[in-house]
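Commentary on secondary and tertiary structure
Chain by chain, the residues:
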Amino acid sequence: MTDEDPIRLAYIALIESECNCSFDDGLPLDIEHILLPYLIQHHGQDPNIASQSASDLSVSFKTDGMPASMRRIIQKHRRVFR
């Protein structure tokens, strides 16, 4: 993927919005190497499905769109407005 990938740029904008700051000097390493690849890998999938089983058509749903470990990365970089 290139730096101009529109999906990547959209997720960077989403992360910056969630963190209430812009990363003009570059993304923090945990966002660059953990959170952003996770978001890109799961792009287009239903975020509410936790697991599926084909034999009995069982589907388990989760209540949030992102695992707590990924949400903690965003919260660690979040800025509070003054």
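Okay, so let's go over this structure. (Residues numbered from 1 in each chain as written. Predicted model: local features only at pLDDT ≥ 70, side-chain atom pairs only at ≥ 80, totals over all residues. Heavy atoms only, no water.)

**A closer look at unusual backbone geometry**
Where we set the bar: Helix and strand assignments come from DSSP, with helices taken as H or I runs of at least 4 residues and strands as E runs of at least 2, each series counted from the N terminus.
Even without a glycine there, the phi angle at N20 is positive, about 60°. Along the chain, N20 falls in the loop between α1 (6-19) and α2 (29-41).

**Considering the nonpolar core**
What counts here: We call a set of buried residues a nonpolar core when its members are Ala, Val, Leu, Ile, Met, Phe, Trp, Tyr or Cys and they connect through side-chain atoms within 4.5 Å of each other. Buried means the residue's accessible area, taken with a 1.4 Å probe over protein chains only, is under 20% of the maximum for its type, while exposed means over 50%, and partly exposed covers the values in between. Contact criterion: two residues are considered in contact whenever any of their non-hydrogen atoms come within 4.5 Å of each other.
Core analysis: the biggest nonpolar cluster contains 17 residues, and I15, F23, I31, L35, L36, L39 and M66 have the highest contact counts within it. Taken together, the elements giving at least two residues each to this core come down to α1, α2 and α3 (68-77). In terms of residues, this core owes the most to one element, α2, which gives six residues. When sequence neighbours within four positions are dropped, the list of residues in contact with L36 reads R8, Y11, I12, I15, L27 and I31.

**Thoughts on the packing of α2 against α3**
Rule in force here: Between N-to-C directions, angles span 0 to 180 degrees; the directions come from axes that are lines fitted to C-alpha atoms, helices contributing only their stretch in contact. Here the word oblique covers every angle except those under 35 degrees (roughly parallel), over 145 (roughly antiparallel) and from 65 to 115 (roughly perpendicular). By definition, any crossing whose near helix is turned counterclockwise from its far helix by less than a right angle is left-handed, and any crossing with a clockwise turn is right-handed.
At their nearest, the axes of α2 and α3 sit 10 Å apart, and the two run at 140° to each other. Put simply, α2 runs oblique to α3. Of the two elements, α2 crosses α3, and the hand of that crossing is left-handed. In this structure, α2 uses D30, I31, I34, L35 and Y38 to contact α3, whose residues at the interface are M70, I73, I74, K76 and H77.

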